[in-house]
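Descriptive structure summary
One letter stands for each residue in the lines below.
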Amino acid sequence: MALSAASVFTAPRHPQDFLQLVNPLSSARQLRGVVTSVTPECSGSVTIAFRPGRGWHAHEAGQYARIGVEIDGVRQWRSYSLSAPAGQDPAITVTAVGRVSRHLVESTRVGDVLFLAPPQGDFLLPTGPRPLLMLTAGSGITPVMSMIRTLVPRRPDADVVLIHSARTPQDALFRAELATLAADHDGLHVAHRYTATDGRIDFTSPADLDALCPDWRSRKAYVCGPAELLDDASQMWHDHHVADALSVERFETALLTDAGAGGRVVFEKSDKEAVADGSTTLLEAGEDAGVLMPHGCRMGICRSCLVPLRAGQIKDLRTGETHADEGELIQTCISAPCGTVHLDV
Amino acid sequence: MTALQKKDHNPVAHLTREDIESLGRELDAVRASVVESRGTSDAAYIRRVIKTQRTLELGSRALLLASRWKPAFVVGTIGLTVSKVLENMEIGHNVMHGQWDWMRDPKIHSTTWEWDNASPADLWKHSHNELHHTYTNVLGRDNDLGYGIMRVDEDQKWHPVYLGQPVWNFVNACFFEYGIAAYDLELGKYFAGRKDKAVFKRDATKVVNKIRQQATKDYVVHPALALLTGSARRTLLANYTANLGRNLWTHSVIMCGHFPEGVETFTKTSIDGETRGDWYLRQMLGSANIRGTKAMHIATGNLSYQIEHHLFPDLPSNRYAEIAPQVRDLCERYGLPYVTGSLPRQVASAWGKVIRLSLPNHLAARLKRPTRRTQVEPTALPSRLREPTAA
Ligand SMILES: Cc1cc2nc3c(=O)[nH]c(=O)nc-3n(C[C@H](O)[C@H](O)[C@H](O)COP(=O)(O)OP(=O)(O)OC[C@H]3O[C@@H](n4cnc5c(N)ncnc54)[C@H](O)[C@@H]3O)c2cc1C
Ligand code: FES
């Protein structure tokens, strides 16, 4: 408040623009964090802990945050689950698979500044004590690791079964820590599935799952990992009429690549234009043209990328459906243009 | 290019359609090479300039609190003037052009930027980016050409009021930021009854609020704060001087962009069916550069590279210097004028034109006119290079 009043001295700048000359974390208008540690995990992954500045709020186990970094001078945002337990300073565990993750894994140093958005997400522990089943694969273990770290050491009544798939033992994230936790606490049972030797869990019948966790149907279940795992598990829980007991966290969405779609995109308020092919989303096309596109998860979940359609037709790249109603709110992160499209952004 | 053909010479008569399109492709390639290589060091550049400007502003304003003491007054006033110049030119003008939008930093973005100037960002962006840069030097379309109050081309009809234009121009220079605000508001169009009343009212409210905000800062709260140190009067004077200095400087730089002798103008019909190559050609012929030191270039917001800026208004300003030799080389090969000169020379040339054209053409013609329109021989024109092989 006092700061807003002080803006008569600094207009049209905000006083924070000047305070930031001294302390880069002082701005609540662009939340930032300073990296406090970078810990290598198994091959191609690191855990990055950071101290957030003003505007952050404590995370709950299982939530994620949007992390922004600058690569070649361009700000790039991605979502990462917070792997640290609730109540502690946040940390993310990143596996290098593409542009941003590789940058985070290879170039992050202690003292670097990350751009942040506050924690969000409803992939959360149940409110009351319940037996739990965690089904994870690859980097999908990160939100679950936060849940286990939060719950298991603190709750003697915890009853958690973790089934984690990784290609080989060397690829299994947090393997040593999980072994220690399981040894120290009766409430945690860990089963690893090494897909290079044992193959993937077979979801065509319940046999595999029955063998790994006989009472899976009565547990509150969490699944996080590659899209096929999520789809297979959802189908299984659905078929056994326990779909409500399953919570799903998606890291990626399979999008169509449609050679037929594509076209010119006009970003009206920003006074910019782009040409996008059938597999480029409106979000990516806008960002590449320098438009400040609103976004969150970048994969069709959070709806923070909604932008009104002014004219034209767009295609939902998850389903192939088209939309052409003027004024309709479009999820730009999963939509591509079909012909010329005008967006109100 | 009919506007040019009426002139005593036509600087593009020797170009074939093929030459013009080839010129367009070459310039597209220059642009692409910069877009391709934009990166970390460019981002660091603009952040450094912004940080320098803010530190300078803060330091100068702090110093002015002690302006009872004369050296503090002098240094603080100079610092504040330089800071305001940087803020308007190298930062404000260029950020609002979208030169830094590619960084996707919401704090250095054309859609969020507001500047320390009487004209609100959105009005300025409309009249400058959309009208002036699209219709550069097109008579009757580009209002920047004489700002609607002056005659800066023989093809503009003379009227006795133009006799006073050297005076208007000086007054406009002193109050340039308000001149820009009035101009972005399209005051002239409004009084001629050609601007929608509701739109005008909305825009006018914005301008009044913006002027109030900036004037409150410079002329009320900072002097009031300086009351505590007995430096109020000097602080007020310093703010006034800084604004005046900034106004005179920006006015001079902007005059040099399109008014010096040798810069071409175009008729309304000449831009019908303009191709990308034609457009580039018009931007090049309609602009003039200023030669000088690196500090001078930065102080002009790199508008001293007006030709490069008009060709590529949204490329980062720190890169114009590096493409200028390429553009110049292109002009030589295609036999096109590349108008440039030192700051004093270009300012004098622009003023000379303002004074000369305050008179009707037949009187103006009697004044000795600086001859800057020497025909340039093309050194490597694509259409001529091809001929021997075609034969
Ligand atoms: C809610 C949420 C939480 C997330 N939590 C984490 C996390 O804790 N740790 C983590 O490493 N990532 C996590 N992600 C994924 C992360 O946001 C990025 O999508 C991922 O890092 C890839 O971005 P990139 O820029 O490196 O790859 P891009 O250059 O954008 O893409 C490269 C390729 O990698 C593929 N790809 C994307 N994600 C994955 C993946 N997870 N595994 C394999 N291939 C993939 C893409 O389809 C693409 O083909 C999470 C995503 C969401 C939505
Ligand atoms: S960014 Fe989350 S739905 Fe589009």
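Quantities reported herein were computed from a predicted structural model and do not represent experimental measurements. (Residues numbered from 1 in each chain as written. Chains lettered and ligands numbered in written order. Predicted model: local features only at pLDDT ≥ 70, side-chain atom pairs only at ≥ 80, totals over all residues.)

1. Some remarks on the domain arrangement of chain A
When the parts come together, some accessible area is lost, and that loss is often what is quoted as the size of the interface. As a reminder of what qualifies: For the domain bounds, the source is a domain assignment made automatically or taken from a database.
Each assigned domain of chain A is listed here: domain 1 (1-25), domain 2 (31-116), domain 3 (132-250) and domain 4 (262-343). A straight line from the C-alpha centre of domain 1 of chain A to that of domain 4 of chain A covers 35 Å.

2. Comments concerning the nonpolar core
Note the cut-off: A set of buried residues qualifies as a nonpolar core if it consists of Ala, Val, Leu, Ile, Met, Phe, Trp, Tyr and Cys joined through C-beta atoms within 7 Å. Working definition of burial: number of other C-beta atoms within 10 Å of the residue's own, with buried at 20 or more, exposed at 12 or fewer, and partly exposed in between, all C-beta atoms being placed from the backbone. A run of DSSP states H or I qualifies as a helix once it reaches four residues; a run of E qualifies as a strand once it reaches two. Both are numbered from the N-terminal end.
Counting residues in hydrophobic clusters, the biggest one holds 43 residues, and the most contacted among them are Val-85, Val-152, Ile-180, Cys-256, Phe-259 and Val-354 of chain B. Mapped by element, the contributors of at least two residues to this core are helix H3 (40-64), helix H4 (70-96), helix H5 (121-132), helix H7 (176-184), helix H10 (232-258) and helix H15 (343-356) of chain B. In terms of residues, this core owes the most to one element, H4 of chain B, which gives seven residues. Ala-86, Val-144, Trp-216 and Leu-229 of chain A belong to the second-largest nonpolar core, a separate cluster that totals 38 residues.

3. Overview of the site of ligand 1
Residue and element names in this part refer to chain A. Note the threshold: All residues are tested the same way: a C-beta atom is placed from the backbone, and lying within 6 Å of a molecule or strand makes the residue near it. Residues are sorted three ways: Asp, Glu, Lys and Arg are charged, Ala, Val, Leu, Ile, Met, Phe, Trp, Tyr, Cys and Pro are nonpolar, and all the rest, Gly among them, are polar.
In the neighbourhood of ligand 1, 21 residues make up the surrounding shell, with Ser-81, Gly-98, Val-100, Ser-101 and Thr-142 lying closest. Sorting the residues of the shell around ligand 1 by element identifies strand E4 (74-81), strand E5 (91-95) and helix H3 (99-107) as the ones contributing at least two each. Of the residues assigned to the shell around ligand 1, the class counts are nine nonpolar, eight polar and four charged.

4. Here's the deal with helix H9 (residues 197-227) of chain B
Residue and element names in this part refer to chain B. The condition that has to hold: To estimate the expected span of a helix, count its residues, drop one, and scale the result by 1.5 Å. Fitting axes to the seven residues ending at a residue and to the seven starting there, one defines the bend at that residue as the angle between these axes. Note on contacts: residues are paired as contacts if their backbone-placed C-beta atoms lie within 7 Å.
Look at H9: 43 Å from first C-alpha to last across 31 residues, which is about the 45 Å you get at 1.5 Å a residue. Its axis deflected by about 40 degrees at Thr-216, H9 carries its strongest bend there. Along H9, the residues that are buried comprise Asp-203, Lys-210, Lys-217, Asp-218, His-222, Pro-223 and Ala-226. In this structure, the buried residues of H9 make contact with H3, H5 and H10.

5. A look at the interface of chain A and chain B
Chain A puts 17 residues into the contact, and the matching count from chain B is 28 residues. Only helix H2 (15-19) and E4 of chain A provide two or more residues apiece to the side of chain A that touches chain B. Grouping the amino acids of the side of chain A that touches chain B by side-chain chemistry returns eight nonpolar, four polar and five charged.

6. Some points on the pairing of strand E14 (residues 306-316) of chain A
Residues and elements named next belong to chain A. Put simply, the rule is: Strand pairing is assigned whenever DSSP identifies at least 2 bridges connecting the two strands.
For E14 and strand E16 (residues 329-331), the ladder comprises three bridges, and the chain directions are antiparallel. Residue pairing across strands places Leu-306 opposite Gln-331, the latter belonging to E16. The pairing of E14 with strand E17 (residues 335-343) spans six bridges and is classified as antiparallel. Counterpart to Leu-309 in the pairing with E17 is Leu-343. In this structure, the hairpin formed by E14 and strand E15 (residues 322-323) is closed by a connection of five residues, where Gly-320 is found at a positive phi of approximately 85 degrees.

7. Brief notes about unusual backbone geometry
Residue and element names in this part refer to chain A. Going from Ala-11 to Pro-12, the amide bond is cis rather than trans, its omega being 5 degrees. Along the chain, Pro-12 falls in the loop between helix H1 (2-5) and H2. Its identity is not glycine, yet Asp-72 carries a phi of approximately 50 degrees, on the positive side. As for its position among the elements, Asp-72 is in the loop between strand E3 (64-71) and E4. Of note, Arg-303 is a non-glycine position whose phi angle comes to about 65 degrees, a positive value. With 11 C-beta atoms packed within 10 Å, Arg-303 lands in the exposed category.

8. Focus: helix H2 (residues 17-37) of chain B
All names here are of chain B. Let me state the cut-off plainly: Of all possible arcs, the one meant is that of the directions from the helix axis to the C-beta atoms.
The first and last C-alpha atoms of H2 sit 31 Å apart over 21 residues, in line with the 30 Å expected at 1.5 Å per residue. When we look at burial in H2, the residues that qualify are Asp-19, Ile-20, Leu-23 and Leu-27. End-on view of H2: buried residues confined to an arc of 100 degrees, all on one side of the axis. Along H2, exposed side chains directed more than 90 degrees from the buried face belong to Arg-17, Arg-25, Ala-29, Ala-32 and Glu-36.

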